[in-house]
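Per-entry structural report
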Amino acid sequence: MKGAVLLEDVEKRYGGPHETAAVAGVSLDVAPGELVAIVGASGCGKSTLLRVLAGFEQHTGGRVEVAGRPVRGPGPDRGVVFQDYGLFPWLSVAENVRFGLRRRGLPRAEVRERAAAMVETVGLTRFADRFPGELSGGMQQRVAIARVLANDPAVLLMDEPFGALDALTRTQMQHELRRLHVETGTTVLFVTHSIEEAVYLAHRVVVMTGGASHGVPGSVRAVVPVDLVGERDVNAADFNAIEREIAALVHAPA
């Protein structure tokens, strides 16, 4: 099914004279259209899992599937957004968004139409002819997200995408991602160090533990459902209760 993600007993080892397992025994089933956040201390394997799912690194054990197909390398069914926007500074906003579509060899008219629609979706139509250096950090991240979503990926993988933004812009981008997720229905896996951000965005929060600094492979400690109805208020009692639950899991001994 489009957008479904399956991790089953996944292991990732790095070789060399002191071979180590970055993650081991990781299992997770993500439904199509679900937004799942992954949190945990530095070095617990959050980004490693995302790179394995993206196909940038090959897992050394277990099963990794997207839409029922094994992941053996990068593919257009998975879009990746990093903290570093990765935009081409010599291309305009519109040209950056068109880039992937052109590489796929789509007809010119379709490329222009799909790119224009996605630029409008992220609210940057007035800035379509601007270059990245003329935009704020939040606007550049919108371009990065638009460039990925223009390719209609089944899964969007986001690794600390708002980590370099100031607090106000970060909050605005969280609202923007929630809106885009409702509009597109894309399956999202979102890595973050912010528990508040995870609870605000996600249907479920995966809490990882362990990692190289603890001398054991990273693994899933718990998966916490975020059962909040309607608009999420970071000051509400039910929101804070879930946040405290996750914080206790993150900070518990490995």
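Please refer to the structure higher up on the page.
One structure accompanies this document, and this report is about it. (Residues numbered from 1 in each chain as written. Predicted model: local features only at pLDDT ≥ 70, side-chain atom pairs only at ≥ 80, totals over all residues. Heavy atoms only, no water.)

Here's the deal with the nonpolar core
- If you look at the biggest cluster of nonpolar residues, it comprises 52 residues, and the most contacted ones within it are Val 97, Ile 145, Met 158, Phe 190, Val 199, Val 205 and Ile 246.
- A per-element tally of this core places helix H4 (residues 137–149) first, with seven residues.
- Val 205 has contacts with Ala 37, Val 39, Ala 198, Val 199, Ala 222, Val 223, Val 224, Val 226 and Ile 246, leaving out every residue within four places of it along the chain.
- Membership of the second largest hydrophobic core comes to 26 residues, among which are Val 10, Val 23, Leu 49 and Ala 67. (Core = buried A, V, L, I, M, F, W, Y, C linked by side-chain atoms within 4.5 Å. Buried < 20%, exposed > 50% of the residue type's maximum accessible area, 1.4 Å probe, protein only. Helix = DSSP H or I, 4+ residues; strand = E, 2+ residues; numbered from the N terminus. Contact = heavy atoms within 4.5 Å.)

Some points on the packing of helix H2 (residues 93–103) against H4
- Look at H2 against H4: their axes get within 7 Å of each other, and the N-to-C directions meet at 30°. Relative to H4, the element H2 is oriented roughly parallel. For the pair H2 and H4, the sense of crossing is right-handed. Contact with H2, carried on its side by Val 93, Asn 96 and Val 97, involves Val 143, Ala 146 and Arg 147 of H4 and no other residues of that element.
- Class assignment for the residues of the contact of H2 with H4 results in four nonpolar, one polar and one charged. (Axes fitted to C-alpha atoms, helices over the stretch in contact; angles between N-to-C directions. Parallel < 35°, antiparallel > 145°, perpendicular 65-115°, else oblique. Left-handed = near helix turned anticlockwise from the far one by under 90°. Nonpolar A, V, L, I, M, F, W, Y, C, P; charged D, E, K, R; others polar.)

Observations regarding the packing of H2 against helix H3 (residues 108–121)
- For the pair H2 and H3, interaxial distance at closest approach is 9 Å and the crossing angle is 130°. Considering the angle they form, H2 stands oblique to H3. Viewed along their axes, H2 and H3 form a crossing whose handedness is right-handed. Of the residues in H3, those touching H2 at Val 93, Ala 94, Val 97, Arg 98, Leu 101 and Arg 102 are Val 111, Arg 112, Arg 114, Ala 115, Met 118 and Val 119.
- Counted by class, the contact of H2 with H3 contains eight nonpolar, no polar and four charged residues.

Some points on the pattern of salt bridges
- Applying the stated criterion across every chain, the model contains 11 salt bridges.
- The salt bridge involving Arg 63 is made with Glu 8; its shortest N-O contact spans 3.0 Å. You can see Arg 63 sitting in strand S4 (residues 61–66) and its partner Glu 8 sitting in strand S1 (residues 5–14), a full 55 residues away along the chain.
- Glu 57 serves as the salt-bridge partner of Arg 51, at 2.7 Å between the closest nitrogen and oxygen.
- Taken together, the salt bridges that share partners define one network made up of Glu 8, Arg 63 and Glu 65. (Salt bridge = Lys/Arg side-chain N within 4 Å of Asp/Glu carboxyl O.)

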